[in-house]
Amino acid sequence: MFIEERHQAILDLLEEKGSITTAEIQEMFGVSYDSSKRDLRILEEKGLLKRTHGGAIKLRQVAFSKPPKMTCKDIGEIKENYLAIAKSAVSMIKNNDVIFITSASVGYLMTQNLPDDIKIRVVTNSIVIAEELRKNDNISVIMLGGEMDNKGNCYDAIAVETIKRLRFDKCFLTSACISASFGLSIQKSQAISFWNAVIDSSKQAIGLYPTEKIGMDSIVSICPANRLNTLITDWDASEEDLCQFDDLGIEVVIVDKE
């Protein structure tokens, strides 16, 4: 097989699966580890994929649509790196903390793994997360009001004004993408004021970003990456990307594969 044919086959597999490892390339095409890494480097230089620690992922378009918000019905479908990041985030919560939890799927996974032996107060703009948390006797919930979107979240001016009147020990948030150059980014501009208000009201801002969101840019920048104090990501994130965050003074936490 010519190298061009192998490269096309790699791109076809990426289109189908969304990711590929160097081990898979070695096995499928009978090439060495160094050759598999070189293939991915060449394809990345051509702007056809993004390398990760152990392979590569498909490039997202700037207007990439996020998956639907997590509900209790499809919790089992979530990826293991999302769950590992959520558990790492939960381990940072202390007794009597006041925290904000993102309405994204990784935030829902946090609610599934919160300890029951400490008392905390959780602020959320998500009716889904609030409904899940109300079952816990050790958790006090503040539900932000405002005009609700069709996913059960409030981001409008009423929610922003409420956030400004609150203070958090920690906020746990995510967005469509994050990069060292473009910062935290999202699809729509309506939530920019909301997320900046959350960060402004927090002693610690903790970003929850799986490999799929690292080093990518969405349409609209929320804020620079270094508004985060800590970035939690997974074992497959690119070392090059993580070094850039480290250079910005962000504490990078890499979770291990279970």
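Scroll up a little and you will see the structure.
Because the structure is predicted, anything quoted here is derived from the model rather than measured.

Brief notes about a nonpolar patch on the surface
A cluster of nonpolar side chains, namely Ile 127, Met 143 and Met 148, defines an oily patch on the protein surface of about 250 Å² accessible area. Inspection of the secondary structure puts Met 143 in strand E6 (residues 139–143).

Side note on the nonpolar core
Counting residues in each nonpolar core, the largest one holds 34 residues, and the members touching the most others are Phe 100, Leu 173, Ile 178, Phe 194, Trp 195 and Val 198. Among the elements of the structure, helix H7 (157–164), strand E7 (168–173), strand E9 (183–186), helix H8 (192–200), strand E11 (220–223) and helix H9 (239–247) are those that each provide at least two residues to this core. Looking at this core element by element, the count peaks at five residues for H8. The contact partners of Ile 178, leaving out residues within four places of it in the chain, are Gly 183, Leu 184, Tyr 209, Lys 213, Ile 214, Gly 215, Met 216, Ala 225, Leu 228, Leu 231 and Phe 245. Counting 26 residues, the second largest nonpolar core, distinct from the first, contains Tyr 82, Ile 101, Ile 118 and Ile 232.

Some remarks on the sheet that holds E7
Read from one edge to the other, the open sheet built from seven strands follows the order E6-E5-E4-E7-E10-E12-E13, with strand pairing classed as parallel. Only two strands of the sheet have a single neighbouring strand rather than two, namely E6 and strand E13 (251–254). Strand-to-strand, the axes of this sheet are offset by a mean angle of 20°, without reference to chain direction. The pairing of strand E5 (residues 120–124) with E6 spans five bridges and is classified as parallel. Across the sheet, residue Arg 121 finds its bridge partner in E6, namely Ser 140. Helix-sheet contacts for helix H5 (residues 105–112) involve strand E4 (98–101), E7 and strand E10 (202–208), and the interaxial angle to E4 is about 135°. Across the sheet, H9 lies against strand E12 (230–233) and E13, angled at about 145° from E13, the strand it touches most.

A word on helix H4 (residues 80–90)
Most of H4 is tucked away: eight of the eleven residues are buried. The set of residues buried in H4 consists of Asn 81, Tyr 82, Ala 84, Ile 85, Ala 86, Ser 88, Ala 89 and Val 90. Buried residues along H4 sit in contact with H5, E7, E10, E12 and E13.

Here we look at H8
Considered for burial, the residues of H8 that qualify are Phe 194, Trp 195, Asn 196, Ala 197, Val 198 and Ile 199. Looking at the packing, one finds that the buried side of H8 touches E4, H7, E7, E10 and E11.

Reading guide: rules and limits
Numbering of residues starts from 1 in every chain and runs along the sequence as written. Selection of residues for local features in this predicted model requires a pLDDT of at least 70, selection of side-chain atom pairs for listing and counting requires 80 or more, and totals for whole chains, interfaces and linings are taken over all residues. Values reported for side chains reflect all heavy atoms of the structure, with hydrogen atoms and water molecules removed beforehand. Distance thresholds for patches are 9 Å for like charges and 5 Å for nonpolar side chains (Val, Leu, Ile, Met, Phe, Trp, Tyr), applied to residues having over 30% relative accessible area and no salt bridge. In short, Shrake-Rupley with a 1.4 Å probe defines the accessible areas, and a residue's cover is counted only from the protein chains shown. Definition used for salt bridges: Asp or Glu carboxyl oxygen within 4 Å of a side-chain nitrogen of Lys or Arg. In this description a helix means any DSSP run of H or I spanning at least four residues, a strand means any run of E spanning at least two, and both kinds are numbered starting from the N terminus. What is meant by a nonpolar core is a set of buried Ala, Val, Leu, Ile, Met, Phe, Trp, Tyr and Cys residues, joined one to another through side-chain atoms within 4.5 Å. Using a 1.4 Å probe on the protein chains alone, a residue whose accessible area is under 20% of its type maximum counts as buried, one over 50% counts as exposed, and one in between counts as partly exposed. The contact definition used throughout considers only heavy atoms, calling two residues in contact when any of these lie within 4.5 Å. Following DSSP output, two strands are said to pair if at least two bridges run between them. Helix axes are fitted only over the stretch in contact, all axes being lines through C-alpha atoms; the angle between N-to-C directions runs from 0 to 180 degrees.

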